[in-house]
Amino acid sequence: MSLNKQGRPSRPAVAQAENEGQFETFSGSKALQQTELLLFDRGDNERTGVDLPDTPEMDDDLGDLARKDAIGLPGLTEPEAMRHYVRLSQKNYAIDLGVYPLGSCTMKHNPRLNEKMARLPGFGDLHPLQPESTVQGALALMDQLSHWLTTLTGMPAVALSPKAGAHGELCGMLAIRAKLDADGQTQRRRVLVPDSAHGTNPATAVQCGFTVDEIPSDSSGRVDLEALKGKLGDDVAGIMLTNPNTCGLFERDIRTIADLIHEAGGYFYCDGANFNAIVGRVRPGDLGVDAMHINLHKTFSTPHGGGGPGAGPTVFSDALAPYAPVPYVVKDGEKWKLVERNEDAEGQPFGRMSAFHGQMGMFVRALSYMMSHGADGLKQASEDAVLNANYLLALLDGPMTRAFDGYCMHEALFNDNFLKDTGVETLDFAKAMIDEGYHPMTMYFPLVVHGALLIEPTESESKTSLDRFADTLLALAEAAKAGETERFKQAPVHAPLRRLDETQAARQPVLRWKPAEAEAQAAQ
Ligand SMILES: *Cc1c(COP(=O)(O)O)cnc(C)c1O
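### Re the domain arrangement of the protein chain
Examined at the domain level, the protein chain breaks down into domain 1 (140-370) and domain 2 (377-507). The centre of domain 1, based on its C-alpha atoms, is set 30 Å off from the matching centre of domain 2. Residue-level contacts link 27 residues of domain 1 with 19 residues of domain 2. Note on domain 1 versus domain 2: buried area summed over both sides is about 1,700 Å², and carbon and sulfur give 65% of it. Seen at the junction of domain 1 and domain 2, the total is one salt bridge. Glu383 is the partner of Arg281 in a salt bridge, and the nearest nitrogen-oxygen pair spans 2.8 Å. Inspection of the region where domain 1 meets domain 2 yields six residue pairs in polar contact (both at pLDDT 80 or more). Elements supplying a minimum of two residues to the side of domain 1 that touches domain 2: helix H6 (136-153) and helix H12 (360-396). Residues belonging to the side of domain 1 that touches domain 2 are distributed by class as follows: 13 nonpolar, twelve polar and two charged.

Below you can see the structure in the form of C-alpha cells.
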C-alpha cells in the first residue's frame, strides 16, 4: 500500500473494497451525504410552515386575471426547509470547502469582514427608490469605490451600474459605438478579437451591431502583431483584448497595439477580468486602454459562482467618458447626488445599463476588501496570485505539459500532450479530480490550446495547500501514464452524481416541475 505525503495510505483498503463491492445503502443516503428530494416532491400544498389567521373576504381589482387554481407551492416546516438547503449545500463544491482552481474565474477567498460590512443595516436594508437624502452614506460609498477604481486603473471615469463582466463589456462597447456615431464614423463596424478571447467578447461585439474579425495568436500565446497590422483599416471600430490574456500571459506589445489601433481611428476595449494579476503594478490607463470592465467578483473577492450577483464596473478614458451611461454619483455642495439624466451639451451618455444603480451589496464588499488590504495589500495580493501560479507551473511542468514557455501571470496553462496515447482525455482527467476532492480546473479553454487545462490557484492558497494539490495532479498524471485508464473513464465514482449530459441540460433544460403523473403522461 502506498503512503501519501501525510503518511496516510493513499488508497485505504476499506475505501477500495467499498468501491469494488458497490453495495447500495437501503436509504439511498451515504453517511453524511443525505439523499434529497425536490421541494415539490417533499412538501405538499395543504401544509404551511406557519399558522396564519383566515383572510377576511376582500374585493379585488383583478377581475378575470385572478388566479382560479391553487398556487401549488409546496408547504414545508422550518426544519424541513432548513434540512433541504443544508443537504443541497453538502452536495455542492465551494471555495469555503477546498481549492477551486477554475482558471479565468478567480475563485479567491471571500473575507468575512466584507459580509459583515454588507449586512450593516445602513447598507443592507436600503431600497433603490429611497429619497437621496436618506442614502447619503451609500452614495458616499459608491463615490469612494469609484475613486479606488479610477485610481487603480489610471482611468478618469467609471460606470458602476453594469452587473457582471459581460454586462461591463456591453457597457464599454456601447460607449465606443456612441462615440463613433457621434463623430460620424458609422462605417467603423469591424471589431478585432484575438482567437484566445473569452466567448463573451465576440458575443458582445455582435450584440452591439459590430462584426468580429479574429486575430491569430503567435507561437508565444500572444497577439500576432503582424497579423494585427494587416487587419487595420478605416472600418475598424476597435479591438477587444484581454490583459493578462486568457493564456495567463502578459501581452508585451500592448502599448504598440494601443498605438496602432488609435492611429487607425479605433478604440481599445480591454477585458479586465484578469485585472487581479496586475492590480497595484500596472494601470491600464497607462497602456492606452479606452474602456475596461472590472469584475468585482473576481478581482475584489465578492462571492460568485452558482449564478450569484456579480458586478462589472467599467472604467473609461477621457475620449469615452462623456458617453458613459447614467447614473453616476457627484458631490453637490455638502450633498451626494445620483445623476440620472445629463442634458448639458458636453455629456452624451448612451443611456443606462440597468433600472437602478448596480449591485450595492457588491460595492460594499469590494470596498471593504480594498480598504482592509490597503494599496500595498492589493499589490501584494496580485503578486502572490502570480507567485502561486508560477509555483504550480514549476511543480507540474514535465509530468504535465505546459502550453507556453516562460513565466505565467496568475494562471498556469497546460495542454493535453502528457495524456497522449493514454486513452485518457482532459475531461476524464478533470472528472478524476472530483473523486480526489478537488474542483477541476477550467478545461478546453482557451480554445487555442489543445485539450487545455487552465489552473488559477489565486493568492488564497497556502504553500501546503498547493503542494497537496500538485501531489494529487502528479499522481493522477502518473496513473494515466501507467495505463489506469478505467480509473479515469469511470470517474467520478465518489460524487453524488456521476457524469451528466451537460449538452442536453443546456439545450433542453427542464425548468418546470410537474407532478409525476403529468410527467408520465407527457412522456407518452
Ligand atoms: C469571467 C470572464 C468574463 C465574463 O465575466 P462575467 O462576470 O462572468 O460576465 C469575460 N472575460 C474573461 C476573460 C473572463 O474570465
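### What about the site of the ligand?
In the vicinity of the ligand, the contacting residues are Ser104, Ala164, Gly165, Ala166, Glu169, His198, Thr200, Asp271, Ala273, Asn295, His297 and Lys298. Asp271 places a polar side-chain atom, nitrogen or oxygen, 2.6 Å from a nitrogen atom of the ligand. Lys298 places a polar side-chain atom, nitrogen or oxygen, 2.8 Å from an oxygen atom of the ligand. For the shell around the ligand, the secondary structure elements donating two or more residues are helix H7 (165-182) and helix H11 (296-299). Tallying contributions element by element places H7 first for the shell around the ligand, with three residues. Residue composition of the shell around the ligand, grouped by class: three nonpolar, six polar and three charged.

Each value, and the rule that gives it
Residues numbered from 1 in each chain as written. Predicted model: local features only at pLDDT ≥ 70, side-chain atom pairs only at ≥ 80, totals over all residues. Heavy atoms only, no water. Domains from an automatic or database assignment. Contact = heavy atoms within 4.5 Å. Buried area = accessible area lost by both parts, 1.4 Å probe. Salt bridge = Lys/Arg side-chain N within 4 Å of Asp/Glu carboxyl O. Polar contact = N/O pair within 3.5 Å; in protein donor to acceptor, adjacent residues only side chain to side chain. Helix = DSSP H or I, 4+ residues; strand = E, 2+ residues; numbered from the N terminus. Nonpolar A, V, L, I, M, F, W, Y, C, P; charged D, E, K, R; others polar. Near = heavy atom within 4 Å.

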